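Spelled out from the first residue to the last, the chains are:
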Amino acid sequence: MNTDIKQAMHVEAGKSFGTAEANENERHWNDDKIDRKNQDPTNHYDKTRMKLNFEIGPDGKVHPLGYQEKSLEVRLKERLTELGWKPFKPDSKIQPNCCAKFIFGGNHDRTLEMAFGTQTVNLDKGADNSHLQRCPEIEQWAKDVYDWCAKRYGQKNIIGFQVHLDESSPHIHALIVPVGQRSKSGRECVMWSAKFGKSRYEYGHILREMHTSLYEEVGSKYGLERGDSIEGRNVSHLSKRDYIRKLSKDAKQAEKAVKGLQTMIRKLEREMLAGRNRLKEIDEALASGKITLDKYEAQKTDIQKLIAEYQSKLDDKAGKLQVKEQELEQLTKDAAKVRSVVQPFRNHKVDFTPPQITEKVPLFGTDKWIERQNRLIAKQFTEIVRKVESLYRNDAARQVEAAQRNVLADYGELYQLRRENKILSDTNENMESELNTLLGQLAIPSVRNMIFAVADALISGQPIPVSSGGGGGNSDSDLRWDGRRPDEEEEAYKRRCLMHAVQVARNSQRKTIRR
């Protein structure tokens, strides 16, 4: 069993949660859908183990997966409605976070042991595992994780809590709504910052505390150690390109530290050599009668003291240099490994008994006896060869699968980069257009005064009737204003007030021109 037995927890901010995600979590699939999903080499859904999947219900008890009448996305919508959730307009470039998508897991061998005990599990695609039965330990672990989530986020905010035992490693999917209180009204509302912080720094601090808390309250009961932080482990939540970039940066820093330590060591060695040469000089001076014995003893003591200090510093720097050199070597290996999809074949140890002749040679029929012995030896030898061949064929299959996953990951990242580039280009064009319009409006004193007056009124919560001079009513009634949104920061709200004021002024200008 792998000795690196650690827990795993991943959390992702969700701006929405669709039917496809809900169907996957609750396994609302038919056989055709499962077969199509398994065509992807990175997927591994075992039909014979799907009956073992389960979920923890609002009552904190184990239930069959998908037992609730309402689907996962419907339950999420209902909870968001209860909290008065108001998303941005559908055509908005950005959307606020409305849910947190958790995945809990752990060491592959340990979680399989919790789920199936000592039963044999065949993880090959298409294997028959219908003989397996679910062990109570995996159910208790899921209940403990559920209690941990309920304690932190509230039981009614846990929308779904599904446990999947039909993939390579058992794991949990939890869908949770982060809820906080408005500072002024005290009303509950959807508030990501209340649970995960207002900045990257706060989020990182909270995430570290979450890992520690999960280990202390749950993981330690099941022999799952606390997971390493992102900064201290080889596996990262970063994308492949960002992970390679991080490894390269860390390697450069380690290389710089190694060079710095090597320079310090050379300097200390020179100082020690100079001290030893100074000892020789005062020995010669004493022998020639240039200095007295008292002066010689004092100088010798001072020089030896300096040499001892230099030696202590040298030992310290040499130890640090060894550590940094090992760190640099490991970072270099990690960078080479993540860039390569080809891994070395393992040296398999195959236990077998060499073919032996155990029968005595008969007096008659020797030729037939030799033929029979040759057949037996050939049969045993063929079995050994096929066993070795099977082991290395499986290794080759894993190589191909790893290569396919790598290609898919690279393609996915390329697609993501292209999409991000298009979004950024469109956003840049829109912002440039908005900026030019704003500058043009600010150049007109009356329009400038209107913009700031409307923005100040919105910020202070006052109504903003802008009369068109005829036609009755508010000429800008088509510009809907919904006030400050839940979980909206002060600065973001002020900026939105200013942009709305610009739109009001723009509409007013257009109507003035038409008149």
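What counts and what doesn't
- Residues numbered from 1 in each chain as written.
- Predicted model: local features only at pLDDT ≥ 70, side-chain atom pairs only at ≥ 80, totals over all residues.
- Heavy atoms only, no water.
- Patch = residues over 30% accessible without salt bridge, like charges linked within 9 Å, V, L, I, M, F, W, Y side chains within 5 Å.
- Areas by Shrake-Rupley, 256 points an atom, 1.4 Å probe, with all protein chains shown as cover.
- Salt bridge = Lys/Arg side-chain N within 4 Å of Asp/Glu carboxyl O.
- Lys, Arg positive; Asp, Glu negative; His and termini not counted.
- Charge placed at Lys NZ, Arg CZ, Asp CG, Glu CD.
- Helix = DSSP H or I, 4+ residues; strand = E, 2+ residues; numbered from the N terminus.
- Contact = heavy atoms within 4.5 Å.
- Core = buried A, V, L, I, M, F, W, Y, C linked by side-chain atoms within 4.5 Å.
- Buried < 20%, exposed > 50% of the residue type's maximum accessible area, 1.4 Å probe, protein only.
- Phe/Tyr/Trp six-rings, centres within 6.5 Å; stacked < 30°, edge-to-face > 60°.

Thoughts on a positive patch on the surface
1) Next: A surface patch of like charges, here positive, comprises Arg-266, Lys-267, Arg-270 and Lys-313.
2) Next: The element best represented in the positive patch is helix α8 (residues 240-287), accounting for three residues.
3) Next: Summarising the element assignment, Arg-266 is placed in helix α8.

Topic: the side chain of Arg-75
1) Next: Relative to the helices and strands, Arg-75 is located in helix α3 (residues 72-82).
2) Next: Once residues within four sequence positions are removed from consideration, Arg-75 is found in contact with Glu-26, Gln-68, Lys-70, Ile-159, Gly-160 and Gln-162.

Quick word on the nonpolar core
1) Next: By size, the foremost hydrophobic cluster in this structure holds 39 residues, and its most contacted members are Phe-102, Phe-104, Trp-141, Cys-149, Phe-161 and Met-210.
2) Next: With nine residues, helix α5 (residues 136-153) is the largest single contributor of residues to this core.
3) Next: Those residues within four positions of Phe-102 in sequence are excluded, and the remaining contacts are Met-9, His-10, Val-11, Tyr-153, Ile-172, His-173, Ala-174, Ile-176, Phe-196 and Met-210.

So, the packing of aromatic side chains
1) Next: The full count for this structure, using the stated rule, is nine aromatic pairs.
2) Next: Residues Phe-102 and Phe-196 carry aromatic rings whose centres are separated by 6.3 Å and whose planes lie at 40° to one another, so their mutual orientation is tilted. With Phe-102 in strand β4 (residues 99-106) and Phe-196 in helix α6 (residues 192-196), this residue pair connects regions lying 94 residues apart in the sequence. Taken as a pair, Phe-102 and Phe-196 share a single burial class, namely buried.
3) Next: Here the aromatic rings of Phe-196 and Tyr-203 are separated by 6.5 Å at their centres, their planes lie at 55°, and the arrangement is tilted.
4) Next: Joined through ring pairs, the aromatic side chains of Phe-102, Phe-104, Trp-148, Tyr-153, Trp-192, Phe-196 and Tyr-203 make up one cluster.

Topic: the pattern of salt bridges
Between side chains of opposite charge, pairing is possible as soon as their charged atoms come close.
1) Next: For the coordinates displayed, the defined rule picks out 19 salt bridges.
2) Next: Here Arg-79 makes a salt bridge to Glu-82, at a shortest N to O gap of 2.9 Å. Taken together, the residues Arg-79 and Glu-82, both in helix α3 and three residues apart, mark about one turn of the helix.
3) Next: Here Asp-144 makes a salt bridge to Lys-221, at a shortest N to O gap of 3.6 Å. Here Lys-221 lies in the loop between α7 (200-217) and α8 and Asp-144 lies in helix α5, a separation of 77 residues in the sequence.
4) Next: The exposure class of Asp-144 is buried, given its relative accessible area of 10%.
5) Next: What makes Lys-221 exposed here is its relative accessible area of 55%.

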